[in-house]
Amino acid sequence: ALATRLSCFLWSSLPDAELRRIAGAGELRDPENLAAQTKRLLSDDRVRRLAIQFGCQWLGVRGFDQLDEKSERHFPDFKDLRGSMYEETIRFFTDLFQADGPLLSLLDANHTFVNAELANFYGLTVPETTETWFQVSDVNQAGRGGILGFATTLAKQSGASRTSPILRGNWISETLLGERLPKPPRDVPQLPAEVPFGLSERELIAKHSADPSCAKCHAKIDPYGFALENYDAIGRWRGNSNTQAVLPDGKSIEGIDGLRHYLLNDRRDAFVRHFCHKLLGFALGRAVKLSDEPLLDDMMTKLKSKDYRFSVAVEAVVLSSQFRSIRGAGQ
């Protein structure tokens, strides 16, 4: 049962022969063996399934290659690009897991994975290679690097024909920082599908957010979204937008670099803890409970002392009593 739980967690599949052999010999309960098998599974190509089932699901982009909510009139090239956009996200997570990268690289990575089509879309130089997909470095200067610069996350949190600082800001607040906001009042008017003539996207949002019943929540989320206004509704860099914003705590930021710096320095603990929260819930297949908080505290402590390496979080989960017990039974 433990072998199956471990394999389903990391591979979304049944145990392989080696894992079954060790479990059958009664050796998997030994913490050292369990940790060793965890590292073996993480280094295997089948961890790509964890990238899809956990990584993409956490970001809210699972199944992005089937997304058909974009206006063909405004973005006729989106359908041809969406598969490549999705593959970039999957490959980034897969590499993070296999290479045991630091969780903070989700925000500050200066590399990504592209094919020629996506590289051209991003404005990146295509190297001379026979490989269809390749890793490129120094992508921050092109406005890429990490989950904030993925076309998948930028496009998913946008409308059919225009960007949405509200959706993007809410995604950062809830998905990345774990902040739950109240649902909007029922009588709040819907924003138009396209920005009216004579208004900028930002001016449209400001007008909408001026409603007293909306202002409090919008003040918490809109500034995050304004920082990403240099990207259009399918994640293409467009520049020349007002990306200055004042956050709820009074900090001023500008653009993706300012947002990235803020999340890494001012909100690091919130970001890492919420990631751990989602990882734990995924591994256990249930909602995280108040009784799990000590485990989350332990994960945070270990991560801080070990460069926030992904395997540290996974190992803490796998060796926990919550994971090793069955339906709350003793070990």
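All of the points below concern the structure found in this document. (Residues numbered from 1 in each chain as written. Predicted model: local features only at pLDDT ≥ 70, side-chain atom pairs only at ≥ 80, totals over all residues. Heavy atoms only, no water.)

Let's talk about the overall build of the chain
- Tallying secondary structure elements over the chain gives 16 helices and four strands in all.
- Dimensions of the chain, computed from C-alpha atoms along their principal axes, come out at roughly 70 × 50 × 35 Å.
- In the chain, once contacts between residues fewer than 6 apart in sequence are set aside, the share between residues at least 24 apart is 67%.
- Accessible surface, the chain as shown: approximately 15600 Å² in total, 48% of it carbon and sulfur.
- Averaging the locations of the 42 positively and 43 negatively charged side chains of the chain gives two centres separated by 6 Å. (Helix = DSSP H or I, 4+ residues; strand = E, 2+ residues; numbered from the N terminus. Contact = heavy atoms within 4.5 Å. Areas by Shrake-Rupley, 256 points an atom, 1.4 Å probe, with all protein chains shown as cover. Lys, Arg positive; Asp, Glu negative; His and termini not counted. Charge placed at Lys NZ, Arg CZ, Asp CG, Glu CD.)

A closer look at the packing of aromatic side chains
- Summed over the entire model, instances satisfying the criterion amount to 17 aromatic pairs.
- Ring centres 5.8 Å apart and planes at 85° place the aromatic pair Phe64 and Phe78 in the edge-to-face group. With Phe64 in the loop between α4 (48–59) and α5 (78–98) and Phe78 in helix α5, this pair connects stretches of sequence that are 14 residues apart. An identical accessibility class is assigned to Phe64 and Phe78; each is buried.
- Every member of this aromatic cluster is reached through a ring pair, and the members are Phe9, Phe54, Trp58, Phe92, Phe93, Phe97, Phe150, Phe271, Phe275, Phe282, Phe310 and Phe323.
- Against the face of Trp11 rests Arg46, its NZ or CZ located 3.9 Å from the ring centre. (Phe/Tyr/Trp six-rings, centres within 6.5 Å; stacked < 30°, edge-to-face > 60°. Buried < 20%, exposed > 50% of the residue type's maximum accessible area, 1.4 Å probe, protein only. Lys NZ or Arg CZ within 6 Å of the ring centre and 35° of its normal.)

Quick word on the nonpolar core
- Counting residues in hydrophobic clusters, the biggest one holds 100 residues, and the most contacted among them are Phe9, Trp58, Ile172 and Leu176.
- If you tally residues by element for this core, the top one is α5, at nine residues.
- Setting aside residues up to four positions removed in sequence, Ile172 forms contacts with Leu148, Leu177, Tyr224, Leu228, Leu259 and Leu263. (Core = buried A, V, L, I, M, F, W, Y, C linked by side-chain atoms within 4.5 Å.)

Observations concerning the environment of Ser158
- Tracing the backbone through its elements, the reader meets Ser158 in the loop between α8 (151–156) and α9 (165–176).
- Relative accessible area serves as the criterion here: at 7%, Ser158 is assigned to the buried category.

Regarding unusual backbone geometry
- Backbone geometry at Asp100 places phi at a positive 55°, although glycine is not the residue there.
- Here Asp100 lies in the loop between α5 and α6 (105–108).
- Despite not being glycine, Tyr308 shows a phi value in the positive range, around 60°.
- Considering the arrangement of structural elements, one finds Tyr308 in the loop between α14 (293–305) and α15 (310–318).
- Using a relative accessible area of 8% as the deciding quantity, one classes Tyr308 as buried.

Examining the state of the cysteines
- Going through the model one piece at a time under the given rule, you end up with zero disulfides.
- Between Cys8, a cysteine without a disulfide, and Cys56, which holds the nearest cysteine sulfur, the sulfur-to-sulfur distance is 19 Å.
- Looking at Cys8, the relative accessible area reads 36%, which means it is partly exposed.
- Of the cysteine sulfurs around Cys276, a residue in no disulfide, the closest is that of Cys56, at 19 Å. (Disulfide = S-S within 2.5 Å.)

Observations concerning the packing of α4 against helix α13 (residues 268–284)
- Taken N-terminus to C-terminus, the directions of α4 and α13 make an angle of 130°; their axes are 11 Å apart at the nearest point. By the angle between their axes, α4 is oblique relative to α13. As for how α4 packs across α13, the hand of that crossing is right-handed. Facing α4, whose interface residues are Leu50, Gln53, Phe54, Gln57 and Trp58, α13 presents Phe271, His274, Phe275, Lys278, Leu279 and Phe282.
- Among the residues forming the contact of α4 with α13, the class breakdown is seven nonpolar, three polar and one charged. (Axes fitted to C-alpha atoms, helices over the stretch in contact; angles between N-to-C directions. Parallel < 35°, antiparallel > 145°, perpendicular 65-115°, else oblique. Left-handed = near helix turned anticlockwise from the far one by under 90°. Nonpolar A, V, L, I, M, F, W, Y, C, P; charged D, E, K, R; others polar.)

Some words on the pattern of salt bridges
- The tally for this structure, following the rule as stated, stands at 20 salt bridges.
- A salt bridge links Arg46 to Asp16; its shortest N-O distance comes to 3.9 Å. Here Arg46 is found in the loop between α3 (31–43) and α4, whereas its partner Asp16 is found in the loop between α1 (2–11) and α2 (17–24), with 30 residues between them in sequence.
- Residue Arg46 is classed as partly exposed on the basis of its relative accessible area, which comes to 31%.
- On the basis of relative accessibility, which here comes to 14%, the residue Asp16 falls in the buried class.
- Between Arg91 and Glu87 there is a salt bridge, and its shortest N-O distance comes to 2.8 Å. Separated by four residues within a single helix, Arg91 and Glu87 lie in helix α5, roughly one turn from each other.
- Here the salt bridges share partners, and the residues they tie into one network are Asp16, Glu18, Arg40, Asp44 and Arg46. (Salt bridge = Lys/Arg side-chain N within 4 Å of Asp/Glu carboxyl O.)

A few points about empty space enclosed by the protein
- One pass over the full model with this rule turns up one cavity of 30 Å³ or more.
- Size it by volume and the largest cavity reaches roughly 30 Å³.
- In this structure, the largest cavity is lined by Leu148, Thr153, Leu154, Gln157, Arg168, Trp171 and Leu228.
- Within the residue set of the lining of the largest cavity, elements represented by two or more residues are α8 and α9. (1 Å grid on protein atoms, 1.4 Å probe; cavity = no way out; pocket = protein on both sides within 12 Å on 5 of 7 lines; lining within 4 Å. Points joined across faces, edges and corners; volume = space filled by probe spheres on them.)

Some words on the pairing of strand β2 (residues 134–137)
- Of the two faces of β2, the one holding Phe134 and Val136 is buried and the one holding Gln135 and Ser137 is not buried anywhere.
- In terms of strand pairing, strand β1 (residues 111–114) meets β2 through four bridges, oriented antiparallel. Within the sheet, the bridge partner assigned to His111 lies in β2 and is Ser137. (Pairing = 2+ DSSP bridges.)

Geometric descriptors of this kind do not, in isolation, establish any biological role.
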